[in-house]
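Structural overview for review
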Amino acid sequence: MENIDISELVERLGSDEDAIRKMAVFKLQSNIGDPSFADIFIYEGGLTKLRHLSLHASGNTLAYSLTSFARLLEVDKGWEFVDQEVVERIVELIVTHPLVNILRGAMSILVSIVSHPYTGSRLSQAGIFGFRALKPAIAIYPQFLEMLVSRLSSADHALCANALQLINSLMRDSITNDSEVEWPKFIQKLQDLGVIRAVYVLMQGTALQDHAHPLIEFQSLTKVLLRKWRGVALDLEKPEHRRALKGVHLASNPEKNYDKAVGNGDDTRRSRRHNPEKWRRLGFESENPVVEFQEMGFLGMMDLADYVRNHQDEFQKMLLEQSSKTASQKCPISKASLSVTSMLYEHFEVDKSEMEDAKSYLILESRSNLDKLFKPLLLHWTRLHVAGLHAFFRLWKSTGAEAEDFEKIAELVRILVESVVGGAPRTKDIQDVEEELADFGYHRLRELQMELLELTYEDAWGQHLRQVRNELHHEALQFVKEQRIRCLLQGSWFPNENTSKSDVGPTAKCTYRYAQLSHNRRYLHFGDFNIDNRSPELDALPDKIDLSIVSSVVSNISASPDNSSSSTVKTTSHQVSSTKITIHGFAHSAPVTAATQKGHDHARSASKTTQKEIVLLTLRPRSHSIASEWLDGLLMLLNQQPITAETNRLISLISNYGLKIRLLNVRFDDAAFAGETPKVPPREGLDDDYYYDVFGGP
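Here the residue numbering is sequential within each chain, running from 1 through the sequence in written order. The model is predicted, so local features are restricted to residues of pLDDT at least 70 and side-chain atom pairs to those at 80 or more, both for listing and for counting; the totals for chains, interfaces and linings are taken over all residues. Side-chain numbers here rest on the full set of heavy atoms in the structure, without hydrogens or water.

1. Description of the nonpolar core
Counted only if it meets this: We define a nonpolar core as any set of buried Ala, Val, Leu, Ile, Met, Phe, Trp, Tyr and Cys residues linked to one another through side-chain atoms lying within 4.5 Å. Burial here depends on accessible area, computed with a 1.4 Å probe over protein chains only, as a share of the maximum for the residue type. Under 20% is buried, over 50% is exposed, and the range in between is partly exposed. Secondary structure follows DSSP: runs of H or I at least 4 residues long count as helices, runs of E at least 2 residues long count as strands, and numbering of each begins at the N terminus. Either an automatic procedure or a domain database provided the assignment from which the domain bounds are taken.
Core analysis: the biggest nonpolar cluster contains 149 residues, and Ile113, Leu134, Phe144, Leu166, Leu170 and Met301 have the highest contact counts within it. Per element, the largest residue contribution to this core is 10 residues, and it comes from helix 21 (residues 381–399). Lining this core are residues from two domains, each supplying at least three of them: domain 1 (6–117 + 127–227) and domain 2 (239–254 + 279–460). Residues Ala515, Ile545, Ile557 and Ile626 belong to the second largest nonpolar core, which totals 26 residues.

2. Observations concerning the sheet that holds strand 1 (residues 492–495)
The condition that has to hold: One requirement defines pairing of two strands: DSSP has to find at least two bridges between them. Only C-alpha atoms enter the line fits that serve as axes; for helices the fit covers just the stretch in contact. Angles between N-to-C directions range over 0 to 180 degrees. Contact definition: two residues touch when any of their heavy atoms are within 4.5 Å.
Here we have four strands laid out as an open sheet, ordered 1-2-3-4, and antiparallel in their pairing. The two strands at the open ends of the sheet, each matched to only one other strand, are strand 1 and strand 4 (543–546). Strand-to-strand twist across the sheet, computed as the mean angle between neighbouring axes with direction ignored, equals 25°. Sheet topology places strand 1 next to strand 2 (residues 512–517); four bridges connect them, and they run antiparallel. Residue phenylalanine 494 lies in a different strand from strand 2, and its bridge partner there is arginine 513. Against the sheet, helix 28 (residues 624–637) engages strand 1, strand 2 and strand 3 (523–529), with an angle of about 110° to strand 1.

3. A word on the pattern of salt bridges
What counts is decided by this rule: Salt bridges are defined as contacts in which a side-chain nitrogen from Lys or Arg sits within 4 Å of a carboxyl oxygen from Asp or Glu.
Applying the stated criterion across every chain yields a total of 20 salt bridges. For aspartate 18, the salt bridge goes to arginine 21, with nearest N and O atoms at 3.4 Å. Of the two residues, aspartate 18 and arginine 21 are both situated in helix 2 (residues 18–31); the distance of three residues between them amounts to about one turn of the helix. The class of aspartate 18 is partly exposed, set by a relative accessible area of 37%.

4. Regarding the packing of helix 18 (residues 333–347) against helix 21
Here is the rule we go by: Each angle receives one of four descriptions, namely roughly parallel if under 35 degrees, roughly antiparallel if over 145, roughly perpendicular if within 65 to 115, and oblique otherwise. Two helices cross in a left-handed way if the nearer one is turned anticlockwise from the farther one by less than a right angle. They cross in a right-handed way if the turn is clockwise. Residues are grouped as follows: Ala, Val, Leu, Ile, Met, Phe, Trp, Tyr, Cys and Pro are nonpolar; Asp, Glu, Lys and Arg are charged; every other residue, Gly included, is polar.
One way to put it is that helix 18 packs onto helix 21 with a least axis distance of 9 Å and a crossing angle of 125°. On the basis of the axis angle, helix 18 is oblique to helix 21. Of the two elements, helix 18 crosses helix 21, and the hand of that crossing is right-handed. On helix 21, the residues touching Ile333, Ala336, Ser337, Val340, Thr341, Leu344 and Tyr345 of helix 18 are Trp381, Leu384, His385, Gly388, Leu389, Phe392 and Phe393. Residue composition of the contact of helix 18 with helix 21, by class: 10 nonpolar, four polar and no charged.

Rendered as structure tokens:
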């Protein structure tokens, strides 16, 4: 400011030569944002000349003048020269002028004018501000809003941001200051012009950071609108409310559906008949539907009316199908619609204040974290509501739900919304989200529900739940260990290697080996035979191994069941499997026979460090299941951990089922008892046939 002679600058603004005026206003736009400079500029009479240039200049001179005027208003100065003539000129430029640098300044001026009351600054005595100041000019240029929305697709990011900022200011002023009848009409007009789609594209675009501030404001305003609609109670004294509810009734084709239900097609008596379940058949709990809109207000009415209007054939078909069902089997359409509206309201945290949104923006203001802040799907509220409602109907039908199951289906839909909508990245298109909501399987949804249930109790009980999980895992391990060992106690046949059924004579090798664990679980008995259709008795097995001297059990069984099974030959004829289990032991403790029993106790007492490890027995399982049972059974018998995927999967399955059963049988409210034990009720006046509910009493 020290290097600029403000008096001379003001004088140059009034020069007859455009080049001088253009240079002066070019310098002005860089300094006018300084309040002290602005005060001197106004004192020197510069505001009158700046206003004149804004009204009559052209080209770059006009662009610099508009930018200067906008920056002057931003520091809350110069309002005395803002009048209807200025507003009309700015609106005219936005509608008719093609140059981007002129449009930017014009829009900035209108943003200040429209939002002036909202900023809390002092009002000028020269005129009125807010959206109402623009209405006379918009009446002259009715295409103003359409042109404004079209600027949202401009390739110039600054112009696009300015246009959205102006739209935000118009919306906010209308919501705040217009009557209850006027502001919904204005919002609807903007939506009809395509503002939702345009902003949605910006939120999903690559230039997000350039538009971040007006986009976060638009997102916040969308929540303001939803809150405002929810806060409007359904009132049948209001014509638009009465029309909306009546539209739902008429869309149900009441006469036709009632005739089908009562079996009467006589048109002459139709006008005299009255369906005693006029509203209940549409899914309301009583014949006074207004009561059920208390929670979601007119927002719930809008969502239901939109679904009925745009999916009327489906709506009528569903009512017709349900007309033959009992009351408990019918899916309450209206109640389901209100439930989905409530789910979306909670999911998008609509009640979250704008101040909290602003704090989130300050925290996340970086290119990598903006994706977490913006929720483009919020702008497609209506389509999400319809998709959620369709999912509700699908789950109701596929599960055969009845009236008492309503909350269970609602909970599944809530989890579905949280998973699909909540998990969708910023750039995921609404159509893809709709398809995923439609294709999400019931069984997959139930698995997700159990996982979330487990996480919920994990948060509530923390260490206690982890302790329960560890206990259940140990119990499952012991259970599977006993099952595997019992497979060994039962015995099994194993093909021998390098043998064939064509071998005959006294020197021919036996084709099968039979192995069985002794009842005291200390010895593994086995023997070779030529047949496998009848299992021999334990006493008939000639050989046995003392398990106390087994050093290791190894196998080539893969950790993957699929890979292991591929190496196992499954056939009705005698063929040898490539899978084998090898039991190693020490040289002094070879397989025990009747001839070698003497002195066996002495061999067992010998030091294993001086003994040589040898192969005691080789088994070739005919299937992966038998291989898993015998390998892990032997390992667990030797107090070692199981290693096959099949056994470990079985342990996990049993452990998880145990945990889920416990969770499903314990109410979440029971977490309140952590650290606080309920009082033991007295037995006075009670016999042996009683129970006591800690929540309700005896």
